[in-house]
Amino acid sequence: MDPISNATLPQSNRETVLQIHGPALLEAEVRANLPIGVVEWIHGSAADEVTMKLNVERLREHLFHPKRLAGFSSVDTSVTIFGRRVAAPMFVCPMGAQDIVHADAEIASATGAQKSGIPYVLTSASNRSIEEVAKATPGAFHIFALYSNQDSGIDRDLLTRAREAEFVATMITVDTLGPGESEAYRAMGSPHSPVAGYGNFDPRRGGRGTFQNMRKDLKPADVERVKRDSKLPLLVKGILRPDDALRALAAGADGVVVSNHGGRSLDGAPAAIDALPAIVDAVGDKGLVWFDSGVRRGTDVVRAIALGASVVGVGRPVLDALALGGASGVASLLQWFRNDVATAMLLVGIPRITELTPDILSR
Ligand SMILES: Cc1cc2nc3c(=O)[nH]c(=O)nc-3n(C[C@H](O)[C@H](O)[C@H](O)COP(=O)(O)O)c2cc1C
């Protein structure tokens, strides 16, 4: 493949409501209409991409045993997260460098999430800064996801800025210790330069340091430090083992996000859904268990919740919607997801989120 330079990379600036007909057609539209570099950035993953595919396949292997004659016709998908009522038990996953996907980058995806009443997780690897996103979406439910820097002063600045911008909670991502892009993306010459435009680190936008200086020797003391410096509820993202979940909680985390980073970290890691039940068992009522990786429709949200997750993250489909429709596209997708969760619950025969239990599934 010929390397594509940054300068020639066409950026989407579409702003349109989307008719969503499911994740496969959405992805097909992205593949047909967006430059190959954008497609590969969104849909590529590490090495042989085994884990990325497993995430989706293993979720779908969980079959439903629907309850019939259940006597209801309306479904309540709303839940309370950190004291705030939200439309559905979902969050938009932290996803970096969104200006490769759309000219309005994280401003557009955060606006789409706000319009649909879904919490939005802004990564420290965003192109737009914490303050820019907060200003564009006043009063929205935002969570800040930190990639810890080798300079803990930089972490402290970022966490303080997120708290001052009224973010509701913090995540620390602990599974990104190597490159996240796919081999095909690197073979194209990594058309999105990772040194350009990370808004949170730009001194003109209140930042300092460099995003590249990520800490690789993370340990429980870093969880303690981030909890202390953020002064907000803290979730540790990228957990696949019960013992690690317990170590995170013992270090002061309020919960974990069971995730393998959508296969962009260690290829050959198990599907995140396969790691979930043992972590839920180990954590019990000691903390929160959130989930992402492989979620493509409402039935996947219902599956993860039935297996014990309390909130479920949507990743790549949000970037597809962002590329095709900007903020309105993201809102279209998240409203479709919400409706799809409600439809799944009606079909499964469960009227409320709290009543989803593992006995509705088998494998
Ligand atoms: C393009 C892209 C960028 C990502 N950037 C981040 C990031 O900056 N921080 C983070 O914690 N996770 C990041 N992730 C991982 C997501 O938060 C999430 O774990 C993953 O997308 C779930 O897999 P799925 O999208 O296949 O469902 C990224 C994922 C993608 C696809």
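Structure shown above.
Not measured: the values here are computed from a predicted model.

> Just give me the short version of the pairing of strand E8 (residues 234-239), but keep the residues and values in it.
By the criterion of burial, E8 is predominantly enclosed, with six of the six residues buried. In the sheet, E8 pairs with strand E9 (residues 255-258) via four bridges, with the strands oriented parallel. Counterpart to Ile-239 in the pairing with E9 is Val-258.

> Got a sec to walk through the packing of aromatic side chains? Specific residues and values, please.
In total, this model carries eight aromatic pairs according to the counting rule given. Note on Phe-144 and Phe-167: the rings are 6.3 Å apart at their centroids and 75 degrees apart in plane angle, and the pair reads as edge-to-face. Highlighted residues: Phe-144 in strand E6 (residues 142-146) and Phe-167 in the loop between helix H6 (152-164) and strand E7 (169-173), separated in sequence by 23 residues. A relative accessible area of 0% means that Phe-144 is categorised as buried. Residue class for Phe-167 comes out buried when judged on its relative accessible area of 3%. For the pair Tyr-147 and Phe-211, a centre-to-centre distance of 6.0 Å together with 45 degrees between the ring planes defines the contact as tilted. With Tyr-147 in the loop between E6 and H6 and Phe-211 in the loop between helix H7 (183-187) and helix H8 (220-230), this residue pair connects regions lying 64 residues apart in the sequence. Residues Tyr-147 and Phe-211 agree in their burial class; the two are buried. One aromatic cluster is present, formed by Tyr-147, Tyr-198, Phe-201 and Phe-211 through successive ring pairs. One Lys or Arg, Arg-264, reaches over the ring of Trp-41 and ends 5.0 Å from the middle of that ring.

> Talk me through the pattern of salt bridges; I want residue IDs and the actual numbers.
Working definition: two side chains of opposite charge can pair if their charged atoms are close together. Tallied over the entire structure, the rule returns 24 salt bridges. Across the salt bridge formed by Asp-274 and Arg-58, the nearest N and O atoms sit 2.7 Å from each other. With a gap of 216 residues between them, Asp-274 in helix H10 (residues 272-283) and Arg-58 in helix H3 (residues 50-61) connect regions that are remote in the sequence. Since its relative accessible area comes to 31%, Asp-274 is described here as partly exposed. For Arg-58, a relative accessible area of 27% translates into the label partly exposed. Between Asp-222 and Arg-225 there is a salt bridge, and its shortest N-O distance comes to 3.0 Å.

Rules and cut-offs
- Residues numbered from 1 in each chain as written.
- Predicted model: local features only at pLDDT ≥ 70, side-chain atom pairs only at ≥ 80, totals over all residues.
- Heavy atoms only, no water.
- Buried < 20%, exposed > 50% of the residue type's maximum accessible area, 1.4 Å probe, protein only.
- Helix = DSSP H or I, 4+ residues; strand = E, 2+ residues; numbered from the N terminus.
- Pairing = 2+ DSSP bridges.
- Phe/Tyr/Trp six-rings, centres within 6.5 Å; stacked < 30°, edge-to-face > 60°.
- Lys NZ or Arg CZ within 6 Å of the ring centre and 35° of its normal.
- Salt bridge = Lys/Arg side-chain N within 4 Å of Asp/Glu carboxyl O.

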